[in-house]
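# Working through the structure, step by step
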Amino acid sequence: MDNNIGKRIADIRDAQGLTQSDLAKKIKTTQSAIARIESGTQNITTEMLKKISHALGKNLVTLSPGTMNVVIEGKKKLSGTIETNTSKNGAVGLLCASLLNRGVTTLHRMPRIEEVHRILEVLESIGMGVSWSGSTVTLTPPKKYNLKKIDVEAARKTRSIIMFIGSLIHTMPEFALPQSGGCKLGSRTVRPHFFALEHFGIDIRTTETSFEVSRQENRGDARRGQADLRGVLNSTTSKADGTRNKAAGDFMDANEIILFESGDTVTENTLFAAARHTGTTTIKYASANYMVQEICVFLERLGVKIEGFGTTTLTVTGAADINMNIEYTLAEDPTDSMFFIAAAIVTNSAITITRCPIEFLELELLVLEKMGLEYTKSKPYFGNNGQVKLVDLKLKPSKLRASLEKVHSRPYPGLNADNLPFFAVIATQAEGQTLIHDWMYEKRAIYFTELEKLGADTVLADPHRIYITGPTPLRAAELICPPALRPATILLIAMLGASGKSVLRNIYSINRGYEHLVARLQSLGANINYLEEL
């Protein structure tokens, strides 16, 4: 038997809080048989894989290796209560931040999603000790990281790997990281990272396959603003040019960084670089988004002083050394709450969503309220980190009308860019024509036209703007997930509201960001299952 299948069974079982004996009872076998299966010492039949798949709610093998598919019988009303999960974006940022700490980092409510698994695979490959207990992951750093052993395949599957730079540069003056992938959303430049990090004397060059990183000891000697057309620091600068660059740097405040764009990951990367820099660094035009605020809370627990989080100007006083055993509980994900808000609207259902991070959903709810959504919310209460404010939302079946204004994202406190795609599928059920303007990501709006295959009425004005006219009855279809997380999720939501049986293939992009989504939808009454192709 393939050891990977046994390890996967053990991982899923452990994540669900089941012992080997519990799983054995579910499939009517012995605990010793489960132990042999998980260790890879016992052959496993197709029938046994089916039984384990049913017991764990996961399709373990499909006809297409490496893919996972779901079948949905749509047009079913949802009911009940669902709790908001913790976030992909918060999780990967915290995992990257753990590289700053020479002590043991314990993170509670860590989502077991594909993006997290890829980062953990990379961390483990370079020497980090990784152990799970339920939804808690404990990270034990080595005396020295070994990037020569990095898991290249895992690293290339996540764009978050670029955030290793700001953390590792404090202890490794020179290293290389594989170039990364992740969501396919047009031309997503990494140049803003380079522009920010060069203030710390960090020089980054790219090859066909990697980022080559080095650090100069004197920050003032860093070359500033010299990026070539490929988005890398120019490695062919002449001696005269180098002198000019240094002179130009003398006019800059080395402790003040103006970010080229107010991006989430570039802000986090800059925070990591500042966290162990002795002295004070002011970061202007920073993102104030939810994952950045979570990183700020975590870094403060590690002894880094940060003023202004929740605003676009952060003042960071670093700690030369961070060596602390720390425990932290992740905050809730506004995009997870928004998924279920959209699912309730499209299926015209009444559900309750608990632990919604309201400060990152206020504008979304206002837009929906003006479109006709009826809902109530509880009094706010604090989440586990003592910073995020949560509410419970009760959604009612509502007759929606198109937004009178275009729906577009903005940096926080505006409508979240990751929540914008949900308005595309919501618009299919709103009376009138809605304009969705997705200006932030190159060509992402093109993915929204996939809704046409499920019966939506769309007109793509350009790669950033799409008109959607509703309400339209949605119909079943068989589709392949696009390679981008949010556009993939809106197809799943549309299928929940479509008449007939739909199939959504290769849901890896959804599993990158959402944990136990099939089981959670089933708990609300959705007729959704993993597609058996054994």
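Residues numbered from 1 in each chain as written. Predicted model: local features only at pLDDT ≥ 70, side-chain atom pairs only at ≥ 80, totals over all residues. Heavy atoms only, no water.

In this section: the packing of aromatic side chains. Summed over all chains, the structure comprises 8 aromatic pairs. On the numbers, 6.0 Å between centres and 80 degrees between planes, the contact of Phe194 with Phe211 is edge-to-face. With Phe194 in helix 9 (residues 191-197) and Phe211 in strand 8 (residues 210-215), this pair connects stretches of sequence that are 17 residues apart. You'll find Phe194 and Phe211 in the same group, each marked buried. Between the aromatic rings of Phe339 and Phe340, the centroid separation amounts to 5.0 Å while the plane-to-plane angle is 75 degrees, which identifies the pairing as edge-to-face. An identical accessibility class is assigned to Phe339 and Phe340; each is buried. Through a chain of ring-to-ring contacts, three or more aromatic side chains come together here, namely Phe339, Phe340, Phe422 and Tyr514. (Phe/Tyr/Trp six-rings, centres within 6.5 Å; stacked < 30°, edge-to-face > 60°. Helix = DSSP H or I, 4+ residues; strand = E, 2+ residues; numbered from the N terminus. Buried < 20%, exposed > 50% of the residue type's maximum accessible area, 1.4 Å probe, protein only.)

For the rest of this paragraph, the subject is the sheet that holds strand 3 (residues 105-108). If you trace the 4 strands from one edge of the open sheet to the other, you get 4-5-3-13, paired in mixed fashion. Strand pairing shows two members of the sheet lacking a second neighbour, strand 4 (129-133) and strand 13 (326-329), which therefore form its edges. On average, each strand axis in the sheet is tilted by 15 degrees relative to the strand beside it, whichever way the strands run. Those strands touched by helix 6 (residues 114-125) are strand 4 and strand 5 (136-140), and its axis lies near 140 degrees from that of strand 4. (Pairing = 2+ DSSP bridges. Axes fitted to C-alpha atoms, helices over the stretch in contact; angles between N-to-C directions. Contact = heavy atoms within 4.5 Å.)

Any two side chains of opposite charge can pair, on the condition that their charged atoms come close. What the rule picks out here adds up to 19 salt bridges. The closest approach of N and O atoms between Lys389 and Glu359, which form a salt bridge, is 4.0 Å. Within this pair, whereas Lys389 is found in strand 17 (residues 389-396), its partner Glu359 is found in the loop between strand 14 (350-357) and helix 14 (362-370), the two being separated by 30 residues in sequence. Classification of Lys389 as partly exposed rests on a relative accessible area of 34%. Judged by its relative accessible area of 27%, Glu359 is partly exposed. Notably, a salt bridge pairs Asp438 with Arg444, separated by 2.6 Å at the nearest N-O pair. Residue Arg444 is classed as buried on the basis of its relative accessible area, which comes to 1%. Through salt bridges with shared partners, one network takes in Glu83, Arg109, Glu332 and Arg355. (Salt bridge = Lys/Arg side-chain N within 4 Å of Asp/Glu carboxyl O.)

Note that all results are geometric; they support no functional claim without further evidence.
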